[in-house]
There are 2 protein chains.
Amino acid sequence: MASVIPASNSSMRSDRNTYVGKRFVHVKNPYLDLMDEDILYHLDLGTKTHNLPAMFGDVKFVCVGGSPNRMKAFALFMHKELGLEEAEEDIKDICAGTDRYCMYKTGPVLAISHGMGIPSISIMLHELIKLLHHAWCCDVTIIRIGTSGGIGIAPGTVVITDIAVDSFFKPRFEQVILDNIVTRSTELDKELSEELFNCSKEIPNFPTLIGHTMCTYDFYEGQGRLDGALCSFSREKKLDYLKRAYKAGVRNIEMESTVFAAMCGLCGLKAKSTLIKPQTF
Amino acid sequence: MASVIPASNSSMRSDRNTYVGKRFVHVKNPYLDLMDEDILYHLDLGTKTHNLPAMFGDVKFVCVGGSPNRMKAFALFMHKELGLEEAEEDIKDICAGTDRYCMYKTGPVLAISHGMGIPSISIMLHELIKLLHHAWCCDVTIIRIGTSGGIGIAPGTVVITDIAVDSFFKPRFEQVILDNIVTRSTELDKELSEELFNCSKEIPNFPTLIGHTMCTYDFYEGQGRLDGALCSFSREKKLDYLKRAYKAGVRNIEMESTVFAAMCGLCGLKAKSTLIKPQTF
């Protein structure tokens, strides 16, 4: 694949997934190397139009969340925390040419919005993983942050996901590839979960636990809400379902974690976890 | 359900789905009438905070599409076409208090963005249907407009969807309700399809056809793209799949039509169709 990186680097390309001591973000697509140009449509970036290694080569942490405004606020917060010299005004939306997603970078931290639901985050992840691959990023940690519905826990509790499960409490993501269904693992990095949990102990009044996160395709009927335009189940059925979810180890519900776990796991994002602050239920 | 509409209207409430000569947008949820307030979270609107009948009671056409910018452009275009007196600057994002969706109104036309994918449009449709219900809207036509991948047709051709099918070419939408799978119909309004098709004939150089639209959960692996971060199928397998889709009557692929057809069909949106302009494949 052609890119704007110097030609002298290209000899490293073939073996970079196993390059000594570093873990590069990798793609699993034999066709990519045959392409003259890779356009990341929904990010408004490309290998011929942008110097991706120069723009993103130093990225070590990627934080993703649904809302564009929140990801901007998060980037500005990180900028202050890191005490970087760059002026706050210089942190601009890198994907300003499109209104599909927003992206901000401060030092080694990249913050990107992903919209709502599995299909929306899936498009972003395909293009983000290719971006990190083209930029020769290595040892990257990715964390999804967002609100969710808690089950049997106090509002405001932070849930660090150990494993993402589907609506049937199964630790799997069913990916439809053409007209075949392929089941993928949704396990997340245990070391990172514990590291994040230890961090939470250092902050006063920051209730945190490690648990399973359930991922649904629907916010209303799929999560047992009684206030959608459609509702065909009783309050009792809803409570029975949520109780069974709790018994299965589920502590919160959201709409992106299974595909997030599956895709990051397949593409060598070294450590990954989902950090979620339940607000409802 | 409490709302800001005058109390004298409340006697009409119980029988308004069948009110003589008019077809009201209705919800299918017995719990809604028991609620003191209905907050449309993702639209930043509510029955106690907004006078929904005054704001939206005259809506007759709802046009939805993925991109916020495009929906704004569409609203401004409609404003000019309708020759309304209101200044263009007054067409403001009604959902400006949230960054989940954008909404613009010009005369009887409401334009709303829905993001990408079934879960994202599903959240918006739940809240939009409740909004139209609370606002006493009747005889509403809803049209989804957007780009898509064409199959076996010239780029730029407009496809008017007669029926939405899933990745297995079946005219169904599988809705997960708690942990049950319910299959819903995805048929769209035939009369509207023909009406739109007849309109297209009046415009020079506007190639248009009526056909099936396939709706997938994924943009890359689900639609046979060879340029995602993950690709496990051959070019031949891709072509075979697309040929089978064509044989089954599919003329384009997108990511929202099945749930759009299913939900609008259930809630009395009188006529509905999807109008799509393929750009790729």
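Residues numbered from 1 in each chain as written. Chains lettered and ligands numbered in written order. Predicted model: local features only at pLDDT ≥ 70, side-chain atom pairs only at ≥ 80, totals over all residues. Heavy atoms only, no water.

### Notes on the side chain of Ser 148 of chain B
Filter applied, for reference: For helices the rule is a DSSP run of H or I covering at least 4 residues; for strands it is a run of E covering at least 2, with both sets numbered from the N terminus onward. For the purposes of these results, a polar contact is taken to be a pair of N or O atoms within 3.5 Å, where, inside protein, one atom must be able to donate a hydrogen and its partner to accept one; residues adjacent in sequence count only when each atom of the pair is a side-chain atom.
By the element assignment, Ser 148 of chain B lies in strand β6 (residues 141-150). Within the structure, the side chain of Ser 148 of chain B is placed 3.0 Å from the side chain of Asn 252 of chain B, a separation counted as a polar contact.

### Points about empty space enclosed by the protein
For clarity, the cut-off: Cavity means a closed set of points on a 1 Å grid over the protein atoms alone, one where a 1.4 Å probe fits but cannot get out, pocket means an open set with protein on both sides within 12 Å along at least 5 of 7 lines, and lining means a residue has an atom within 4 Å of a point. Grid points are joined across faces, edges and corners, and a volume is the space filled by probe spheres set on the points.
If you walk through the whole model with that rule in mind, you get two cavities of 30 Å³ or more. Taken as a whole, the largest cavity encloses approximately 50 Å³ of empty space. Around the largest cavity, the lining residues are Ile 118, Ser 122, Phe 173, Glu 174, Gln 175, Val 176, Tyr 217 and Val 259 of chain A together with Tyr 217 and Asp 218 of chain B. At the level of elements, α3 (118-134) and β8 (172-177) of chain A are the ones that each hand at least two residues to the lining of the largest cavity. The greatest single-element share of the lining of the largest cavity, amounting to four residues, is contributed by β8 of chain A.

### Remarks on the interface of chain A and chain B
The condition is simple: Contacts were defined at the residue level, with two residues in contact if any of their heavy atoms lie within 4.5 Å. When two components associate, each loses some accessible surface as probed by a 1.4 Å sphere; the sum of these losses over both components is called the buried area. Each salt bridge in this description consists of a side-chain nitrogen of Lys or Arg and a carboxyl oxygen of Asp or Glu lying within 4 Å of one another. Ten residue types, Ala, Val, Leu, Ile, Met, Phe, Trp, Tyr, Cys and Pro, are classed as nonpolar, four, Asp, Glu, Lys and Arg, as charged, and the remainder, Gly among them, as polar.
In this complex, chain A contributes 63 residues to the contact, which on the side of chain B involves 63 residues. For the pair chain A and chain B, the two sides together bury roughly 5,600 Å², of which 59% comes from carbon and sulfur. Of all residues in chain A, the largest losses of buried area upon contact with chain B belong to Tyr 31, Met 116 and Leu 178 of chain A, amounting jointly to 15% of the total for that side. The tally of links from chain A across to chain B stands at four salt bridges. Here Glu 221 of chain B ties to Arg 184 of chain A by a salt bridge, and the two come within 2.7 Å at their closest N and O atoms. Here chain A is connected to chain B by 28 residue pairs in polar contact (both at pLDDT 80 or more). Those elements giving two or more residues to the side of chain A that touches chain B turn out to be α2 (68-82), α3, β8, β9 (180-185), α5 (235-247) and α6 (257-266) of chain A. Grouping the amino acids of the side of chain A that touches chain B by side-chain chemistry returns 31 nonpolar, 16 polar and 16 charged.

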